Amino acid sequence: MTQDELKKAVAKKAIDYVIEGEIVGVGTGSTANFFIDYLAEIKGRIEGTVASSEASKERLQSHSIPVYDLNVVDRVPVYVDGADEADPNLCLIKGGGGALTREKIIADVAEKFICIADASKNVKVLGQFPLPVEVVPMARSHVARELVKLGGDPVYRDGFVTDNGNIILDVHNMQIAKPVELEEKINNIVGVVTNGLFARRSADVLLLGGENGVETITL
């Protein structure tokens, strides 16, 4: 199976977690896009969605799926999103698409976080994928220096601006053995909006697409 076929398989499986008559949190990226396309097939059975990026909002609206501001919904029973890496404890690296802050907000609000990914994203230790950090622009150099102190090699994502008007530093060459601890340390750097470690709020379910089908992983 191709990588896209694996992504489609997990995206379709995630539809099983959608609760009728409720709001669905929707992530960002190629795997989330497949989920949006499958969600369109049952759009009459949900109240609507909240989106983690302008790109996802536009794709949802192109399917005539209602998109609400998170501030006006009472609850988000389920949030479905992809990941750049996932470890055995369902801690994740996210933000390759630059939507990490809004993704983290919706994940924190959601009662259940369903992560959908192909098997290549499954790792023993996080860090081979560069860790995205969203930064207020004027703090870029300061934050970069602090990230070096933590053992990383930050690289400015040239020409990219987040939906929140900030910039991204991608931190290379980190072996993240203690993701919860590192997530907190980076978030405590003045000028950091948030980072792409989803460890304090990890996934509840990981749907992993492989050659033998979709594996469901929970703790």
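About the thresholds
- Residues numbered from 1 in each chain as written.
- Predicted model: local features only at pLDDT ≥ 70, side-chain atom pairs only at ≥ 80, totals over all residues.
- Heavy atoms only, no water.
- Patch = residues over 30% accessible without salt bridge, like charges linked within 9 Å, V, L, I, M, F, W, Y side chains within 5 Å.
- Areas by Shrake-Rupley, 256 points an atom, 1.4 Å probe, with all protein chains shown as cover.
- Salt bridge = Lys/Arg side-chain N within 4 Å of Asp/Glu carboxyl O.
- Helix = DSSP H or I, 4+ residues; strand = E, 2+ residues; numbered from the N terminus.
- Buried < 20%, exposed > 50% of the residue type's maximum accessible area, 1.4 Å probe, protein only.
- Axes fitted to C-alpha atoms, helices over the stretch in contact; angles between N-to-C directions.
- Parallel < 35°, antiparallel > 145°, perpendicular 65-115°, else oblique.
- Left-handed = near helix turned anticlockwise from the far one by under 90°.
- Contact = heavy atoms within 4.5 Å.
- Nonpolar A, V, L, I, M, F, W, Y, C, P; charged D, E, K, R; others polar.
- Core = buried A, V, L, I, M, F, W, Y, C linked by side-chain atoms within 4.5 Å.

Engineer: Any chance you could explain a nonpolar patch on the surface here in plain terms?
Structural biologist: A cluster of nonpolar side chains, namely Val136, Met138 and Val193, defines an oily patch on the protein surface of about 300 Å² accessible area. Following the sequence through the fold, valine 193 ends up in strand 10 (residues 192–195). Accessibility expressed as a relative area gives 35% for valine 193, which makes it partly exposed.

Engineer: Sorry, what's going on with the packing of helix 1 (residues 3–14) against helix 2 (residues 30–39) here?
Structural biologist: Each pair of packed helices gets described by two things: the angle between the helix axes and the distance between those axes. One way to put it is that helix 1 packs onto helix 2 with a least axis distance of 8 Å and a crossing angle of 50°. One element, helix 1, and the other, helix 2, form an angle in the oblique class. Once helix 1 is placed against helix 2, the crossing between them reads as right-handed. In contact with Asp4, Lys7, Lys8, Val10, Ala11, Lys12 and Ala14 of helix 1, helix 2 contributes Ser30, Thr31, Phe34, Phe35 and Tyr38. Partitioning the contact of helix 1 with helix 2 into residue classes produces six nonpolar, two polar and four charged.

Engineer: Would you mind showing me how to read the nonpolar core here?
Structural biologist: Most often, soluble globular proteins have nonpolar side chains that are buried together. In this structure, Phe35, Leu39 and Ile116 are the most contacted members of the largest nonpolar core, which totals 23 residues. Breaking this core down by element, the ones donating at least two residues are helix 1, strand 1 (23–26), helix 2, strand 3 (78–81), strand 6 (112–118) and strand 12 (205–210). Sort the elements by how many residues they give to this core and helix 2 lands first, with four residues. Sequence-distant contacts of isoleucine 116, defined by excluding residues within four places in its chain, comprise Val10, Ala11, Ala14, Thr31, Ala32, Phe35, Val80, Asp81, Gly82, Ala83 and Leu207.

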